[in-house]
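Coordinates in review
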Amino acid sequence: MRQKRVLSIQDISCTGRCSLTVALPIISAAGHECAIMPTAVLSTHTGGFKGYTFRDLTADMAPISDHWAQLGRPFDAIQTGYLAKDQVPLTAGIIQRFKGANTIVLVDPAMADGGKMYPGFDTSFARQMADLVKLADITVPNYTEACFLLGEEYVPNPGRTRVEDLLRKLAALGPRHALISGLHFVPGQVGVLSYDRETDTFDWFATEDIQGYFHGSGDIFAAGLLSGIESGLSLGLSARLAHDLVHTSILKTLEDEEPDVRFGLHFERALPDFIKEIEQMKAGEQTDSTYAGR
Ligand code: PXL
């Protein structure tokens, strides 16, 4: 079988596992090639640290993509995550340039959490991000990002009806699939709600909730989801796989004697189970796979 090629466009936060330092190992562990377009280099991510460095790599993005264009090697999937200000139109151009007929585009509008935009972003950035979501097949905002993308008020602890409404509106922007993870509809449980615009159906998957705020979990979820899809699994199974990867990563982190969650989850210790789960799901998969057979 031909190896799948994924392009991941997001920053390198040198320490504090998130963005490329989680996408690259997770997608690679799933057996796919992961090419990268780094958008910026930071000493750490911007959540919970002071004094981080930030080198904007906008000026390198066009020359990198010009060189790649000469190589004539389209990608099976293109993933975007955290982008620096002003990089959204450039990223849209890169997607259009390298998207083949069967390329899956996954946009994670990584820009906000807990009701607030990340440092340096404002609502005009959210409007630009909404334009990028229009190019996606799949989008995976968290609940806060969904509110900002749609220009809707952030009200904490949404119920299922509210999230269903947001997912329908997100899918109406363009993507066939919209997913929000980290939801607490049922006491003691945390889950992911997925929406498929073509079938107008929702899929809910939940496990036991582990209290706490875990930095980088959205990035782990996005990389796990895309890994599943590129392994030929359906969107529903890929969502379960990604949720399980985050859940196991949290459990592994809490096994550590002194976890400092600012530095991200110990997802490395969840990778053996992740790889096994992909094989098990592939063995049991029916032929309903949305993105399979590409
Ligand atoms: O995990 C999302 C993320 C990625 N990259 C950078 C960030 C964040 C969230 O804070 O600051 C640089």
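Details of the structure are given in the entry above.
The present account deals with the structure reproduced in this document. On a predicted model such as this, the values are computed, not experimentally measured, just so you know.

Calculation criteria
- Residues numbered from 1 in each chain as written.
- Predicted model: local features only at pLDDT ≥ 70, side-chain atom pairs only at ≥ 80, totals over all residues.
- Heavy atoms only, no water.
- Salt bridge = Lys/Arg side-chain N within 4 Å of Asp/Glu carboxyl O.
- Helix = DSSP H or I, 4+ residues; strand = E, 2+ residues; numbered from the N terminus.
- Buried < 20%, exposed > 50% of the residue type's maximum accessible area, 1.4 Å probe, protein only.
- Near = heavy atom within 4 Å.
- Polar contact = N/O pair within 3.5 Å; in protein donor to acceptor, adjacent residues only side chain to side chain.
- Areas by Shrake-Rupley, 256 points an atom, 1.4 Å probe, with all protein chains shown as cover.
- Axes fitted to C-alpha atoms, helices over the stretch in contact; angles between N-to-C directions.
- Parallel < 35°, antiparallel > 145°, perpendicular 65-115°, else oblique.
- Left-handed = near helix turned anticlockwise from the far one by under 90°.
- Contact = heavy atoms within 4.5 Å.
- Nonpolar A, V, L, I, M, F, W, Y, C, P; charged D, E, K, R; others polar.

Some remarks on the pattern of salt bridges
Applying the stated criterion across every chain, the model contains 17 salt bridges. Between Glu152 and Arg162 there is a salt bridge, with its nearest N and O atoms 2.8 Å apart. You can see Glu152 sitting in the loop between helix 5 (143-150) and helix 6 (160-173) and its partner Arg162 sitting in helix 6, a full 10 residues away along the chain. Owing to a relative accessible area of 23%, Glu152 belongs among the partly exposed residues under this scheme.

A few points about unusual backbone geometry
Most of the time, phi is negative for any residue but glycine, and the peptide bond is trans. Even without being glycine, Ser19 reaches a positive phi, approximately 40°. Looking at Ser19, the relative accessible area reads 1%, which means it is buried. Even without being glycine, Asp86 reaches a positive phi, approximately 75°. Within the secondary structure, Asp86 sits in the loop between strand 4 (75-80) and helix 3 (88-98). Note on Asp86: relative accessible area 58%, which makes it exposed.

Considerations on the site of the ligand
Taken together, Asp11, Ser13, Cys18, Ser19, Leu42, His45, Thr46, Gly47, Tyr82, Tyr118, His215 and Asp219 are the residues near the ligand. Contacts to the ligand include Thr46, whose side-chain N or O atom sits 2.7 Å from an oxygen atom. A distance of 3.4 Å separates an oxygen atom of the ligand from a polar side-chain atom of His215. The protein chains hide 98% of the 310 Å² of surface that the ligand would expose on its own.

Topic: the packing of helix 7 (residues 217-230) against helix 8 (residues 235-255)
Where helix 7 contacts helix 8, the axes come no closer than 8 Å and their chain directions differ by 140°. What the angle tells us is that helix 7 and helix 8 run oblique. Crossing handedness for the pair helix 7 and helix 8: right-handed. Where helix 7 approaches helix 8, its residues Ser217, Ile220, Phe221, Gly224, Leu225, Gly228 and Ile229 are matched on the opposing element by Leu235, Ser238, Ala239, Leu241, Ala242, His243, Leu245, Val246 and Ser249. A class-by-class count of the residues in the contact of helix 7 with helix 8 yields 10 nonpolar, 6 polar and no charged.

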